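Residues per chain, in single letters:
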Amino acid sequence: MYRILLIDQNEEIPIPGARSDHQFRVPSKGEHILIKWRGETRVCEVADVWTHINLDQQQPNQGAVQVLVKWSKGLPPAVHVKRYGLR
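Fair warning: this is a prediction, and the values are worked out from it, not measured in the lab.

### Regarding the environment of Gln 62
Secondary-structure assignment places Gln 62 in strand 5 (residues 61-69). Under the relative-accessibility criterion, Gln 62 is labelled partly exposed at 46%. Not counting residues up to four positions away in its chain, the partners in contact with Gln 62 are Thr 51, His 52 and Ile 53.

In structure tokens, the structure reads:
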């Protein structure tokens with residue numbers, strides 16, 4: 001599983017279709033990612049990334065990948081492109 005956690009909104013956004021055998025790349029701390037929440041899209045900086053490992057089973061099982069961002073610091077995509085000169 002894969003989850004985006006909006007720490008300042010106390011909200012969790014599950015990524016549809018993410019399974020234990022998913023092929024999604026995990027973002028790095030400091031990377032900017034595009035997030036859509038409540039009909040609005042922002043580019044947010046990744047504050048932290050971690051995963052849970054369950055060691056209580058016969059074979060250790062990796063839990064969900066958690067990606068922590070702050071929604072309040074996110075920028076609309078056009079402003080992000082203009083600000084960072086990505087054209």
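That covers the picture; the talk isn't over yet.
### Some details on the nonpolar core
The biggest cluster of nonpolar side chains holds 13 residues, and the ones touching the most others in it are Ile 4, Leu 6, Ile 33, Ile 35, Val 67 and Val 69. Secondary-structure elements contributing two or more residues to this core are strand 1 (2-6), strand 3 (32-37), strand 4 (40-54) and strand 5.

### Description of the packing of aromatic side chains
Using the criterion set out here, one finds one aromatic pair in the structure. Between Trp 37 and Trp 71 the ring centres are 5.3 Å apart and the planes differ by 75°, which places this aromatic pair in the edge-to-face class. Pair noted here: Trp 37 is in strand 3 and Trp 71 is in the loop between strand 5 and helix 1 (77-84), with a separation of 34 residues, a long-range link. You can call Trp 37 buried: its relative accessible area is 12%.

Rules of the game
Residue positions are given per chain, counted from 1 along the sequence in the order it is written. Totals for whole chains, interfaces and linings use all residues, but because this is a predicted model, local features are given only for residues with pLDDT of at least 70 and pairs of side-chain atoms are given and counted only at 80 or more. Computation of side-chain values covers all heavy atoms of the structure but excludes hydrogens and water. A helix here means a DSSP run of H or I that spans at least four residues, while a strand means a run of E at least two residues long, and both kinds are numbered starting from the N terminus. Burial classes: relative accessible area under 20% of the type maximum marks a residue as buried, over 50% as exposed, and values in between as partly exposed (1.4 Å probe, protein chains only). By the convention used here, residues are in contact when the closest approach between their heavy atoms is within 4.5 Å. Nonpolar cores are built from buried Ala, Val, Leu, Ile, Met, Phe, Trp, Tyr and Cys residues. Side-chain atoms within 4.5 Å join them into one set. Put simply, two rings from Phe, Tyr or Trp (the six-membered ring, in Trp's case) pair if the centres are within 6.5 Å, and we call them stacked under 30 degrees between planes, edge-to-face over 60, tilted for the rest.

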